Amino acid sequence: MTTAVTSELSARLRGFRQVQRLAYECAEAVAARLEPGVSERQAARMQREWLRARGVRDWFHLPFAWFGDRTAFVNFRVPLQFFPTDRRLAPGMPFILDMAPVYEGYTADIGYSGSLGLNPVQDRLMADLEAHRELILREVREKRPLRTIYEDVDRLMVRQGYANRHRAYPFGVIAHKVDQVKQRRFSPHLFGFGTQSLKGLASDALHGHRDGWSPLWSPYRFSDHPPQPGLWAVEPHLGFRGTGAKFEEILVVTDSTDPEESAFWLDDDLPHVRRWAEEK
């Protein structure tokens, strides 16, 4: 990469890093306020209100919250089941907060796993997710097809004794591309997704189809191509007997021939990364 291109990329990455950190700050703030009896709908509203108070006016998708066995997407069959419900939090119950704000035109999509009090099963799931973060980065740098990396993540989950729960997402995706969006005075959303972000994803899908790649990282044939340069929101999601855990964060892929510059996580100062460092 030339110095000019690197400089331009660095400036863009600062914007994405800022909104990703803002989203994780929101997750930690809301998690600290959760208590017995709070519903998923209330937790999702708390995320929206926290972010709107700090200037967020648009979304890739509105915040989600999943409690108890819903963290593992137990019996999820249709997309409407992902939306927050009246399920209420109880002591020891796992939860996942998931939000995708757009701030000053930059997008983040994050997932934060926790529990109300002690939950050793989810603690173990979170610890074992570190190996997935390492595997994904290593194989993206090796420029393996996205579909192959997905299958390798699956195999690692099986060896660990877990179920793949990101397969329950629409199209079974483990990741999707994110990008800048135009700022508008009005930012409508459709079925929980911001229309500006949906337009961008649709445009990527159209161009990608023509050029042989997809903005969705899935187990299907349309993801059977090397990693496409850009920013990818990656979310490996483990499940075990009604308990789920995941992280979600941005992976940067470039066209550099230097392996370390060809792919890297946008930010290593995130709650789950700090947690792994502290455990060591």
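Let me begin by describing the structure that accompanies this report. All of these numbers come straight from a predicted model, not from anything done at the bench.

## With respect to the pairing of strand β6 (residues 175-178)
Line of reasoning, step 1. Here β6 shows two buried faces, one formed by Ala 175 and Lys 177 and the other by His 176 and Val 178.
Line of reasoning, step 2. Looking at chain direction, β6 and strand β9 (residues 216-217) are connected through two bridges and run antiparallel. What sits directly across from Ala 175, in β9, is Trp 217.
Line of reasoning, step 3. Summarising the sheet, β6 and strand β10 (residues 230-234) pair through four bridges and their orientation is antiparallel. Along β10, the bridge assignment pairs His 176 with Ala 233.

## Side note on the pattern of salt bridges
Line of reasoning, step 1. For the structure shown, the criterion picks out 22 salt bridges.
Line of reasoning, step 2. Between Arg 41 and Asp 86 there is a salt bridge whose closest N-O contact spans 2.7 Å. You can see Arg 41 sitting in helix α2 (residues 40-52) and its partner Asp 86 sitting in the loop between β1 (58-67) and β2 (94-103), a full 45 residues away along the chain.
Line of reasoning, step 3. Salt-bridge contacts for Asp 224 lead to Arg 147; the nearest nitrogen and oxygen are separated by 3.8 Å. Here Asp 224 is found in the loop between β9 and β10, whereas its partner Arg 147 is found in helix α4 (residues 146-160), with 77 residues between them in sequence.
Line of reasoning, step 4. We classify Asp 224 as partly exposed; its relative accessible area is 45%.

## Things to note about the sheet that holds β9
Line of reasoning, step 1. Spatially, five strands are ordered β9-β6-β10-β13-β14 in an open sheet, and the strand pairing comes out antiparallel. At either margin of the open sheet sits one strand with a lone partner, and together these are β9 and β14 (263-265).
Line of reasoning, step 2. As paired strands, β10 and strand β13 (residues 249-253) are joined by five bridges and run antiparallel to one another. The residue of β13 that forms the bridge with Gly 230 is Val 253.
Line of reasoning, step 3. On top of the sheet, helix α3 (residues 120-141) reaches β9, β10, β13 and β14; it is set at about 155 degrees to β14, its chief contact.

## Focus on α4
Line of reasoning, step 1. Given a rise of 1.5 Å per residue, 15 residues ought to cover 21 Å, and the 21 Å separating the end C-alpha atoms of α4 matches this to within 8%.
Line of reasoning, step 2. Among all positions in α4, only Leu 146, Ile 149, Tyr 150, Asp 152, Val 153, Asp 154, Leu 156 and Met 157 are buried.
Line of reasoning, step 3. Phi turns positive, to about 90 degrees, at Gly 161, one or two residues after α4.

## A few points about unusual backbone geometry
Line of reasoning, step 1. Although it is not a glycine, Glu 104 sits at a positive phi angle of roughly 55 degrees.
Line of reasoning, step 2. Locating Glu 104 in the fold gives a position in the loop between β2 and β3 (106-107).
Line of reasoning, step 3. In this structure Glu 104 comes out as partly exposed when scored by relative accessible area, which is 46%.
Line of reasoning, step 4. Despite not being glycine, Phe 171 has its phi angle at roughly 65 degrees, a positive value.

## Observations regarding the sheet that holds strand β12 (residues 243-246)
Line of reasoning, step 1. Strand order in the open sheet formed by three strands is β5-β11-β12, with antiparallel pairing between adjacent strands. Unpaired on one side and paired on the other, β5 (163-164) and β12 mark the two borders of the sheet.
Line of reasoning, step 2. Note that strand β11 (residues 237-240) and β12 share four bridges and pair antiparallel. Looking at the pairing, Gly 239 lines up with Gly 244 of β12.

## Examining a nonpolar patch on the surface
Line of reasoning, step 1. On the surface, a cluster of nonpolar side chains totalling about 330 Å² of accessible area is made up of Phe 171, Tyr 220 and Phe 222.
Line of reasoning, step 2. Assignment of secondary structure puts Phe 222 in the loop between β9 and β10.
Line of reasoning, step 3. Relative accessible area serves as the criterion here: at 37%, Phe 222 is assigned to the partly exposed category.

## Regarding the environment of Ser 39
Line of reasoning, step 1. By the secondary structure assignment, Ser 39 is in the loop between α1 (3-33) and α2.
Line of reasoning, step 2. Not counting residues within four places of it along the chain, the set of residues in contact with Ser 39 comprises Phe 67, Thr 85, Asp 86, Arg 87 and Arg 88.

## Quick look at the packing of α3 against α4
Line of reasoning, step 1. At a closest axis distance of 10 Å, the pairing of α3 and α4 adopts a crossing angle of 155 degrees. What the angle tells us is that α3 and α4 run roughly antiparallel. Our pair here, α3 against α4, has a crossing hand that is right-handed. Contact residues: α3 offers Asp 128, Ala 131, His 132, Leu 135, Ile 136, Glu 139 and Val 140, while α4 offers Ile 149, Asp 152, Val 153, Leu 156, Met 157 and Gln 160.
Line of reasoning, step 2. Residues that form the contact of α3 with α4 fall into these classes: eight nonpolar, two polar and three charged.

What counts and what doesn't
- Residues numbered from 1 in each chain as written.
- Predicted model: local features only at pLDDT ≥ 70, side-chain atom pairs only at ≥ 80, totals over all residues.
- Heavy atoms only, no water.
- Buried < 20%, exposed > 50% of the residue type's maximum accessible area, 1.4 Å probe, protein only.
- Helix = DSSP H or I, 4+ residues; strand = E, 2+ residues; numbered from the N terminus.
- Pairing = 2+ DSSP bridges.
- Salt bridge = Lys/Arg side-chain N within 4 Å of Asp/Glu carboxyl O.
- Contact = heavy atoms within 4.5 Å.
- Axes fitted to C-alpha atoms, helices over the stretch in contact; angles between N-to-C directions.
- Expected span 1.5 Å × (residues − 1).
- Patch = residues over 30% accessible without salt bridge, like charges linked within 9 Å, V, L, I, M, F, W, Y side chains within 5 Å.
- Areas by Shrake-Rupley, 256 points an atom, 1.4 Å probe, with all protein chains shown as cover.
- Parallel < 35°, antiparallel > 145°, perpendicular 65-115°, else oblique.
- Left-handed = near helix turned anticlockwise from the far one by under 90°.
- Nonpolar A, V, L, I, M, F, W, Y, C, P; charged D, E, K, R; others polar.

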